[in-house]
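Below, each chain spelled out in residue letters.
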Amino acid sequence: MLMEKWSTTTIADFRRTLLAWYDQEGRDLPWRHDQDPYHVWVSEIMLQQTQVNTVIPYYQRFMAAFPTVEALAHAAEPDLLKAWQGLGYYSRARNLQRAAQQLVTDYHGQWPRTAVALQDLVGIGPYTACAIASIAFKEVVPAVDGNAFRVFARLLLIDADIAQPKTRQLFFDAIHPIVDPQRPGDFNQAVMDLGSSYMTAKNSDPAHSPVRRFDASYRDNRVLDFPVKTKKPRPKLIPYYGLLVHSPAGDLVVQRTSQQMLTGYWTYPLVTKADLQPDEAPEPTTLAADITAIEQRWAQDYHLAVTFQPLGGQAVSQTYTHQRWQVKLLVAEVSSALDLTYFPGEWVPREQVKALPLPKVQEKMMQRWAKSRSAVNK
DNA sequence: GAATCGTGGAC
DNA sequence: TGTCCAAGATT
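What counts as what
The residue count restarts for each chain, going from 1 along the sequence in the order it is written. Chains carry letters from A onward and ligands carry numbers from 1 onward, assigned in written order. Where local features are concerned, this predicted model is filtered to residues with pLDDT of at least 70; where side-chain atom pairs are given and counted, the filter is 80 or more; whole-chain, interface and lining totals use all residues. The basis for the side-chain values is all heavy atoms of the structure; hydrogens and waters are excluded. Proximity criterion: a residue is near a molecule or strand once any of its heavy atoms comes within 4 Å of it. Here a polar contact means two N or O atoms within 3.5 Å. Within protein one must be a hydrogen donor candidate and the other an acceptor candidate, and residues neighboring in sequence count only if both atoms are side-chain atoms. Starting at the N terminus, helices and strands are each numbered in turn, a helix being any DSSP run of H or I of at least four residues and a strand any DSSP run of E of at least two. Accessible area is worked out with a 1.4 Å probe on protein chains only. A residue is then buried under 20% of its type maximum, exposed over 50%, and partly exposed in between. A cavity here means a set of 1 Å grid points, computed over protein atoms only, where a 1.4 Å probe fits but cannot escape. A pocket is an open set with protein on both sides within 12 Å along at least 5 of 7 lines, and lining residues have an atom within 4 Å of a point. Grid points are joined across faces, edges and corners, and a volume is the space filled by probe spheres set on the points. In this classification, the charged set is Asp, Glu, Lys and Arg, the nonpolar set is Ala, Val, Leu, Ile, Met, Phe, Trp, Tyr, Cys and Pro, and all remaining amino acids, among them Gly, are polar. In this analysis, rings of Phe, Tyr and Trp, with Trp reduced to its six-membered ring, are considered paired at centre separations within 6.5 Å, and the interplanar angle assigns stacked below 30 degrees, edge-to-face beyond 60, and tilted for intermediate values. The rule for a charge over a ring is simple: NZ of Lys or CZ of Arg within 6 Å of the ring centre, and within 35 degrees of the ring normal.

**Student:** Please provide a residue-by-residue account of the protein's contact with DNA strand C, values included.
**Tutor:** Close contacts around DNA strand C come from 26 residues, with Gln49, Gly123, Asp145, Asn147 and Arg150 the closest. Atoms of DNA strand C within 4 Å of the protein: sugar and phosphate make up 68%, bases the balance. Between Gly125 and DNA strand C, the recorded distance is 3.0 Å, taken from a backbone N or O atom to a phosphate oxygen. At 3.0 Å from a phosphate oxygen of DNA strand C is found a side-chain nitrogen or oxygen belonging to Arg234.

Okay, here's the thing in structure tokens:
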């Protein structure tokens, strides 16, 4: 395996160079105004798989709404989910609150101060634990995230596949002796700033990097060969029907269960073909046949007599990490608020639907429905 | 170890 | 429109 070796002199030189650049050019971010572990923690969770510019307004609103660990621990779940709406990976929000409750009850408000101990909190894995421990508690550990992978794969010519979980330990061991023991938190954050400026995945600019003279991949003109990362399969297409049902009491909405993705968020009822024909062999069906099957299902299972009409135009599409939803919309207008005793949903007045925690796919369905109504009224 | 879990930006 | 990417953790 390729791997550049650095002398202790080179390591000291690198630390000075990196931190001098960070002191001059490091970004002024809302969560960098102090080393409060709560601030570091919330920002690190939000920043998982999410870009800085996206996080900033969420972080500011979140701190205004939940200024302390105690406030977060006692927050109402709908308020929490609403604050997280649009950030994605929603289990992060619920885990954040669960960990806040752990801190209050199990730790009596006293933060564990090491990376190892921090990982006992829900949602804090190896990366986030090291980030908090180094920034808030000055533990000398590398925070091995995507930036660290990219930066040190290039600097040190490490060609291990970063898509493999075991590779994380290899990078940890390689970076650990390089971390500045006096300023571990600043070291880690400097690496992140480097990884999101001069050493990005695509439009990197290694020629002007402050650590160019340490960059073996630049020296060898092989910058884009690193890091090595195997590709993931394309998202699988899943056809859905989105059921837009309106009554004098409002729109029919359902809350996603813990068995489903987008847990706790609200959508119009969604059904897949698999829901309509639970048997293994998915036979090709027509739109009319699917509508009939849905209507029969609603009559039998939910005691709801509803007639659906297809809503014209393109289906709503939503791409997730491993699924691609294609949602065809069906509309039903009912003259009275049907009894929902047997249906796991609620009638909500249209103006109040927007106040619920909603995923992006729901916002798209709402827009499409509103657009069709305004077209009719012209 | 592989699969799962959201969204927005860049090209 | 499609593709890849962005401060990962959990099961």
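**Student:** Help me get a handle on unusual backbone geometry, residues and values and all.
**Tutor:** Negative phi is the rule for most residues except glycine; trans is the rule for most peptide bonds. Between Phe226 and the following residue, Pro227, the backbone shows a cis peptide bond with an omega angle of -5°. Along the chain, Pro227 turns up in the loop between helix H12 (216-219) and strand E1 (236-247). Positive phi outside glycine occurs at Gln49, with the angle close to 60°. Considering the arrangement of structural elements, one finds Gln49 in the loop between helix H2 (37-47) and helix H3 (52-65). Under the relative-accessibility criterion, Gln49 is labelled exposed at 70%. Although it is not a glycine, Tyr89 adopts a positive phi angle of roughly 45°. If you trace the backbone, Tyr89 turns up in the loop between helix H5 (77-84) and helix H6 (91-105). Of the residues examined, Tyr89 reaches a relative accessible area of 43% and is grouped as partly exposed.

**Student:** Explain the layout of surface pockets to me, and be specific about the residues and the numbers.
**Tutor:** What the second largest pocket holds in volume is close to 840 Å³. It is E1 that provides the largest number of residues to the lining of the second largest pocket, a total of six residues. Split by residue class, the lining of the second largest pocket holds 21 nonpolar, eight polar and seven charged.

**Student:** A description of the packing of aromatic side chains should follow, citing residues and the corresponding values.
**Tutor:** Taken as a whole and assessed by the stated rule, the structure comprises 21 aromatic pairs. Ring centres of Trp21 and Tyr198 lie 6.3 Å apart, and the angle between their planes is 65°; on these two criteria the pair is classed as edge-to-face. Here the residue Trp21 occupies a position in helix H1 (residues 8-25), and Tyr198 occupies one in the loop between helix H11 (184-195) and H12, the gap between them amounting to 177 residues. Residue Trp21 is classed as buried on the basis of its relative accessible area, which comes to 12%. Consider the rings of Trp298 and Phe343, whose centres lie 5.0 Å apart with planes at 45°: the pair is tilted. On the criterion of sequence distance, the pair formed by Trp298 in helix H14 (residues 287-302) and Phe343 in the loop between strand E7 (323-333) and strand E8 (346-348) is long-range, its members being 45 residues apart. The exposure class assigned to Phe343 is buried, which follows from its relative accessible area of 8%. A connected cluster of aromatic rings, assembled from ring pairs, spans Trp6, Phe14, Phe152, Phe187 and Phe214. A cation over a ring is seen here: Arg350 above Trp369, with NZ or CZ 4.6 Å from the ring centre.

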